[in-house]
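Now for the letters of each chain:
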Amino acid sequence: MSHFTAEQMQSLRSQLLSDKQDIEHRLSENQHYGLGDSLKLQTGELSPIDNHPGDLATEVYEREKDISLLEHDEFQLERIDSALHLIEEGHYGTCAVCQQPIPYERMEAVPYTKYCKKHQPETVVSENRPVEEEFLAPSFGRTSLDERDDQNGFDGEDAWQIVESWGSSNSPAMAENGDIDSYDVMAIEATEELDGFVEAYESFVATDIYGHDVSIVRNRQYRQYLENGEGLGLLEPDSEDDDTY
């Protein structure tokens with residue numbers, strides 16, 4: 001038997017029906033927040049893959065908001081229908097966890113709730129996102145394979161590094177590494193990546209076409225190799241003006 005009076009029960013039921021009617025009317029009038037149409041139709045764009053993700057940033061943001069509003073309304077309708085069903089069965093106003101009566105003041109504030117204040121579950125954050133967001137992720141972020149032990153091939157990050165080596169609009173203040181003293185080391189992992197070889201010595205040890213007559217190319221990797229104490233100097237000391245790279 002319900003612990004609410006007949007007047008209280010009627011008031012709560014009327015509030016649930018009114019809220020349900022408002023939500024259904026809102027969804028019907030705004031065509032489910034406009035999500036019945038594709039982003040292509042709404043914006044007139046032939047494709048969401050444009051010159052820059054920012055070109056559609058506002059539209060994608062609005063679509064994110066519409067999805068959230070629609071999901072919230074649909075969830076509210078489910079909870080309201082469930083509450084009306086509990087009224088018909090005579091179990092309305094009882095906590096689904098502890099089976100104790102829920103105070104009328106709480107039911108008046110949240111008429112569709114199934115839980116008392118103590119056992120109210122945490123809100124679940126939705127992971128329902130617009131498909132257009134897939135194109136807003138950094139390009140090399142989707143294809144970077146550096147974290148995989150079984151992969152050392154050319155990936156998206158390598159592609160960006162090649163483009164970045166020709167220059168960008170970044171200044172030293174915007175560099176990934178805060179300790180920057182030259183534009184030559186501003187690129188991502190500029191001082192760590194080995195371009196075109198795996199081991200440093202592969203860049204300065206050379207032979208003739210027959211694999212004989214080993215020689216040394218005194219490039220930056222060779223100097224760094226010696227400075228790190230990884231080998232002995234194979235040639236005479238470099239002169240100050242000899243900067244072979």
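Residues numbered from 1 in each chain as written. Predicted model: local features only at pLDDT ≥ 70, side-chain atom pairs only at ≥ 80, totals over all residues. Heavy atoms only, no water.

What follows covers the UniProt feature "zinc finger region: dksA C4-type" (unreviewed entry) in the protein chain. Per the UniProt record, "zinc finger region: dksA C4-type" (unreviewed entry) is found at residues 95-119. Overall, residues 95-119 shows 24% helix and 0% strand. The separation of its end C-alpha atoms is 8 Å. (UniProt positions renumbered as here; feature names shortened; annotations may be inferred. Helix = DSSP H or I, 4+ residues; strand = E, 2+ residues; numbered from the N terminus.)

On to helix α3 (residues 57-89). Taking 1.5 Å of rise per residue, 33 residues should cover 48 Å, and α3 covers 48 Å from first to last C-alpha, within 8% of that figure. At the C-terminal side of α3, glycine 90 shows a positive phi close to 85°. (Expected span 1.5 Å × (residues − 1).)

For the rest of this paragraph, the subject is a nonpolar patch on the surface. Residues Phe154, Ile162 and Trp166 make up a contiguous nonpolar surface patch of about 450 Å² in total accessible area. Inspection of the secondary structure assignment puts tryptophan 166 in the loop between α6 (156-164) and β1 (205-206). Assessed through its relative accessible area of 77%, tryptophan 166 is described here as exposed. (Patch = residues over 30% accessible without salt bridge, like charges linked within 9 Å, V, L, I, M, F, W, Y side chains within 5 Å. Areas by Shrake-Rupley, 256 points an atom, 1.4 Å probe, with all protein chains shown as cover. Salt bridge = Lys/Arg side-chain N within 4 Å of Asp/Glu carboxyl O. Buried < 20%, exposed > 50% of the residue type's maximum accessible area, 1.4 Å probe, protein only.)

Within the structure shown, the criterion is met by 0 disulfides. Free of any disulfide, cysteine 95 has its nearest neighbouring cysteine sulfur in cysteine 98, separated by 3.6 Å. You can call cysteine 95 buried: its relative accessible area is 1%. Residue cysteine 98 is classed as partly exposed on the basis of its relative accessible area, which comes to 25%. (Disulfide = S-S within 2.5 Å.)

With that out of the way, let us pick up the side chain of asparagine 219. Mapping asparagine 219 onto the fold places it in the loop between β2 (215-216) and α7 (220-227). In this structure the side chain of asparagine 219 is engaged in a polar contact, spanning 2.9 Å, whose partner is the backbone nitrogen of tyrosine 222. (Polar contact = N/O pair within 3.5 Å; in protein donor to acceptor, adjacent residues only side chain to side chain.)

Here the focus is the packing of helix α1 (residues 6-29) against α3. Packed helices, taken two at a time, are described by the angle their axes make and the gap between the axes. Running from N to C, α1 and α3 point in directions that differ by 150°, and their axes come no closer than 10 Å. Between α1 and α3, the angle falls in the class roughly antiparallel. Two packed elements cross with a definite hand, and for α1 against α3 that hand is left-handed. Each of Met9, Arg13, Leu16, Leu17, Asp19, Lys20, Ile23, Glu24, Arg26 and Leu27 in α1 lies in contact with α3, whose residues at this interface are Leu70, Asp73, Gln76, Leu77, Ile80, Asp81, Ala83, Leu84, Ile87 and Glu88. Considered class by class, the residues forming the contact of α1 with α3 number 11 nonpolar, 1 polar and 8 charged. (Axes fitted to C-alpha atoms, helices over the stretch in contact; angles between N-to-C directions. Parallel < 35°, antiparallel > 145°, perpendicular 65-115°, else oblique. Left-handed = near helix turned anticlockwise from the far one by under 90°. Contact = heavy atoms within 4.5 Å. Nonpolar A, V, L, I, M, F, W, Y, C, P; charged D, E, K, R; others polar.)

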